[in-house]
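Observations on chain architecture
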Amino acid sequence: MLDVLVIGGGNAALCAAIAARRDGASVKVLEAASKFYRGGNTRHTRNMRCAHDHATATLTGPYTEAEFFDDLLLVTQGQTDEALARQMIAESKSMLDWIAEQGVRFQPSLGGTLSLGRTNSFFLGGGRAMLNALYRTAEALGVEIEYEAEVVGLDVENGMFLAARLADGREIRAGTLIAASGGFEANIEWLKESWGAAADNFLIRGSPHNRGTVLKLLLDKGVEPVGDPTQCHAVAIDARAPKFDGGIITRLDCVVFGIVVNKHCQRFYDEGEDVWPKRYAIWGRLVAAQPDQIAYILFDARSLELFMPSLYPPIQAPTVAELARKLDLDAQALTRTVEQFNEAVQPGTFDHTQLDDCRTEGLTPPKSHWARRIETAPFYAYPVRPGITFTYLGTRVDADARMRMADGKPAANMFAAGEIMAGNILGRGYAAGIGMTIGSVFGRIAGQRAAKHARN
Amino acid sequence: MHATEAHHTSALAEADRLMTVCNSCRYCEGLCAVFPAMEMRRAFADGDLNYLANLCHGCGACLYDCQFAPPHEFQVNVPSNLAVVRNDSYRHYAWPRALAPVFDRNGLWIALLAVLCVTGFVLGFVATQDPAALGNSGDFYRLMPHRAMVLLFGAAFAYAILALTMSLRAFWRDSGEPASSWSDLWQAMRDAGSLRYLDGGGVGCMNEDERPTDRRRLYHHLTFYGFLLCFAATCVATLYHYLLGREAPYAWTDLPVLLGTAGGIGLVIGPAGLLAAKWKRDPALRDTSRTGMDVAFLVMLFLTSLTGLALLLLRGTPALGPLLALHLGIVLALFATLPYGKFVHGLYRFAALVRYAQERKRF
Ligand SMILES: Cc1cc2nc3c(=O)[nH]c(=O)nc-3n(C[C@H](O)[C@H](O)[C@H](O)COP(=O)(O)OP(=O)(O)OC[C@H]3O[C@@H](n4cnc5c(N)ncnc54)[C@H](O)[C@@H]3O)c2cc1C
Ligand code: SF4
Ligand code: SF4
């Protein structure tokens, strides 16, 4: 019988498969996507966050375990399984070498991401290049890989995995299971359970295959859930992006340079509350709360070249009223909002590299930094919608990446890695590059433990 | 997804679209020089795009590494688009303009010219020599006087240099301001000499699929350095002739023959390997409409060295006459078509590398 069955084809799945195979197990990977689309959201990634004590050829300085843990506490506001998080951070240290040994190459941080140059290792060629390397290694080791092999059923008895059923009706039995099939962010129906009809207007930034089928099956079979079932990581992305898989290039980094209004031309949040890296992840939820889940970032000619370019060009007009017409907004209302904002802007010295003293006075909501009058034609706008990155609900695991059942007992032969168990580490919030760390570290642990289990 | 301005061709408009996509992504930044050069710009004029296209070595990595490659709806295929733009640029910068159409059916033109040249030599030998001389062995200056050879090939070569210079000038002016320094030149020589950017950012260049190999780089090195050695052999022989008064044929162990033999062997294996690689290349990476041009140049190089080596081996036999006509005909056609075939890729690539070295310092 097959020793290890891995469901999923992203970073977590491949790290698990490689680790299990290297420890002598026979391994099969079931990937729902076609060969081109293999690897779920991992295809869209660019870096991972690993602790290290010294600068390397591609990292500008040390990033200690303690500092990593502090950062994690900060972003999750303490909502993390401390023991598990510390274990992950400790193992992330050896991950840099381990990943490289599987053929993945790193490069210095990309243009426009200087702030991550010390903490995050960037994949040469990005996530798809990383995946290609992992797949090559897995294949060379003798891991069997099936594409377009979506798992739709699980045979589990009292926490004991027996077999997985594929969409084409086949059953695959194995000694152990590793679930690495990501979150449920592409399952709009499921998102609607918490968000209602608003979820129809969400855009999914990554793979359409991450529908949470396996997660739901596992929870139904009595695996203990972890993480907030109602929450997801969402950013404001260009509303013209495709429904799925638009990836990184539809993101917009210009909120701090202008104002953001809803379809009634009303501002609804302080655009300059804090530096962008600390605020970009709240804008998805903010826009989701607006009527029709749409908003518009407005700025003027002076700001056009201050941020990273994105896929679609901004909508442009010589006057604010004309811009409103192009956006199908009420021209008078938008002009009034801009005028009110302009009147409230206080004199200051604009400096987009730090929290400057350009702010509004007597305006609700205020704009606390980088407030400059919107007055230099042409005027620009980007329409934005919530772009969902991932969901938080997952399966509870222990230090062996072994799933825990709702009754508190460890599952007999079921392990989980990656997004499907990220809620153990990330109760909320996010820090760039942690998704891949969780996948690689727990993937390797799951693979090793599953191989060991299969041998005994 | 926008073209910032009107472009000369649809391929250039597509290149503009792609560079805009890549500029908002940047994941391929570490793969080669194209992406960092692209990031230094926010808008792309035709001259910029021709420069970027010639900076691209066609290593293929950025297709297999791209999450937005076809069948994704963003349809990002940088290598094949830049190949088209690059090939179009050869035509665009051709001098004189009237000869630009030679690039359209390049394989055919070059084949025709080669046949014409070979025929010319055969007829010339027959007409100017007594028929017995064609079956003569050993001394090729009896077939064609050294002075005539120098005149003919010197003229062809001089013309090629002139046409290439004019083309290069147009390319250089189009891609930005003229200045550049010795250090840029030196940097570009090192980058070109090592084919630094034909390696997928370090993993090896990709040709058949996403599995990297370094074979094309190896074959290109054999071709390029083989070519240089053959060129060196010719130069040394010319010096021997005029400075030392030593006339060909030279002994096996003499410098021109040693250089020529080594170069010739490289110039047989290299082009053959590159042809085989081209044959196996993933069609998704290619400009499939210009296969003729690529093949013609490789075949001409291959035949040049093959006939040259055959001449060396068989110079003592009656095959000398026909072989010499064949060899000289092919070399003449090669020289004459240098400005109107794939050879120009090296020139523009080198100029692009100089431009890149210069830009890198500024940013
Ligand atoms: C645009 C974007 C950029 C990102 N950038 C980064 C970054 O730079 N760094 C970082 O750390 N994180 C990043 N993330 C988050 C990161 O993508 C995830 O944390 C990571 O991919 C999770 O890895 P995984 O292997 O668990 O899941 P995934 O990579 O999503 O893989 C899940 C796999 O399971 C398969 N699957 C799903 N259901 C089934 C089924 N029923 N049967 C069979 N197979 C199934 C899918 O096809 C897929 O192959 C980014 C996310 C997005 C959307
Ligand atoms: S080729 Fe694709 S992955 Fe590479 S920079 Fe361009 S869009 Fe990004
Ligand atoms: S094919 Fe290679 S050299 Fe050309 S742009 Fe892509 S990565 Fe760069």
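Okay, so let's go over this structure. (Residues numbered from 1 in each chain as written. Chains lettered and ligands numbered in written order. Predicted model: local features only at pLDDT ≥ 70, side-chain atom pairs only at ≥ 80, totals over all residues. Heavy atoms only, no water.)

**Some details on the sheet that holds strand β7 (residues 151-157) of chain A**
Residue and element names in this part refer to chain A. Pairing within the open sheet is antiparallel, and its three strands lie in the order β7-β8-β9. Edge positions in the open sheet fall to β7 and β9 (171-173), since each of these has one partner strand only. Across the sheet, the mean angle separating the axes of adjacent strands is 25° when strand polarity is ignored. Two elements, β7 and strand β8 (residues 160-166), share six bridges in a ladder whose sense is antiparallel. Directly across from Leu 154, in β8, lies its bridge partner Ala 164. (Pairing = 2+ DSSP bridges. Helix = DSSP H or I, 4+ residues; strand = E, 2+ residues; numbered from the N terminus. Axes fitted to C-alpha atoms, helices over the stretch in contact; angles between N-to-C directions.)

**Side note on the pattern of salt bridges**
Charged atoms that come close allow side chains of opposite charge to pair. Applying the stated rule across the entire model yields 44 salt bridges over all chains. Notably, a salt bridge pairs Asp 292 of chain A with Lys 263 of chain A, separated by 2.9 Å at the nearest N-O pair. Highlighted residues: Asp 292 of chain A in the loop between α8 (283-288) and β15 (295-300) and Lys 263 of chain A in the loop between β14 (259-262) and α7 (276-279), separated in sequence by 29 residues. Among the salt bridges present, the one from Asp 254 of chain B reaches Arg 246 of chain B, with a minimum N-O distance of 2.1 Å. Residue classification places Asp 254 of chain B among the buried positions, given a relative accessible area of 13%. When its relative accessible area of 34% is taken as the criterion, Arg 246 of chain B is described as partly exposed. Salt bridges sharing common partners tie together Lys 28, Glu 144, Glu 146, Asp 168 and Arg 170 of chain A. (Salt bridge = Lys/Arg side-chain N within 4 Å of Asp/Glu carboxyl O. Buried < 20%, exposed > 50% of the residue type's maximum accessible area, 1.4 Å probe, protein only.)

**Observations regarding the environment of Ser 207 of chain A**
Residue and element names in this part refer to chain A. Mapped onto the fold, Ser 207 is located in the loop between β11 (203-204) and α6 (213-220). We classify Ser 207 as buried; its relative accessible area is 4%. On a C-alpha basis, the gap between Ser 207 and Ala 446 in space is 23 Å, while along the polypeptide they are 239 residues apart. Residues in contact with Ser 207, not counting those within four places in the same chain, are Gly 40, Asn 41, Ala 186 and Asp 245. Here His 209 takes part through its backbone nitrogen, which lies 2.9 Å from a polar atom of the side chain of Ser 207. (Contact = heavy atoms within 4.5 Å. Polar contact = N/O pair within 3.5 Å; in protein donor to acceptor, adjacent residues only side chain to side chain.)

**Topic: the packing of aromatic side chains**
What the rule picks out here adds up to 32 aromatic pairs over all chains. Aromatic side chains Phe 153 of chain B and Phe 335 of chain B sit 6.2 Å apart centroid to centroid with 85° between the ring planes, which places their arrangement in the edge-to-face category. Pair noted here: Phe 153 of chain B is in helix α8 (residues 146-174) and Phe 335 of chain B is in helix α13 (residues 320-337), with a separation of 182 residues, a long-range link. As far as the burial class goes, Phe 153 of chain B and Phe 335 of chain B line up, both buried. It is Arg 86 of chain A that lies over the ring of Phe 69 of chain A; its NZ or CZ is 3.8 Å from the centre. Between Arg 315 of chain B and the ring centre of Trp 252 of chain B, over which it is positioned, the NZ or CZ distance is 5.9 Å. (Phe/Tyr/Trp six-rings, centres within 6.5 Å; stacked < 30°, edge-to-face > 60°. Lys NZ or Arg CZ within 6 Å of the ring centre and 35° of its normal.)

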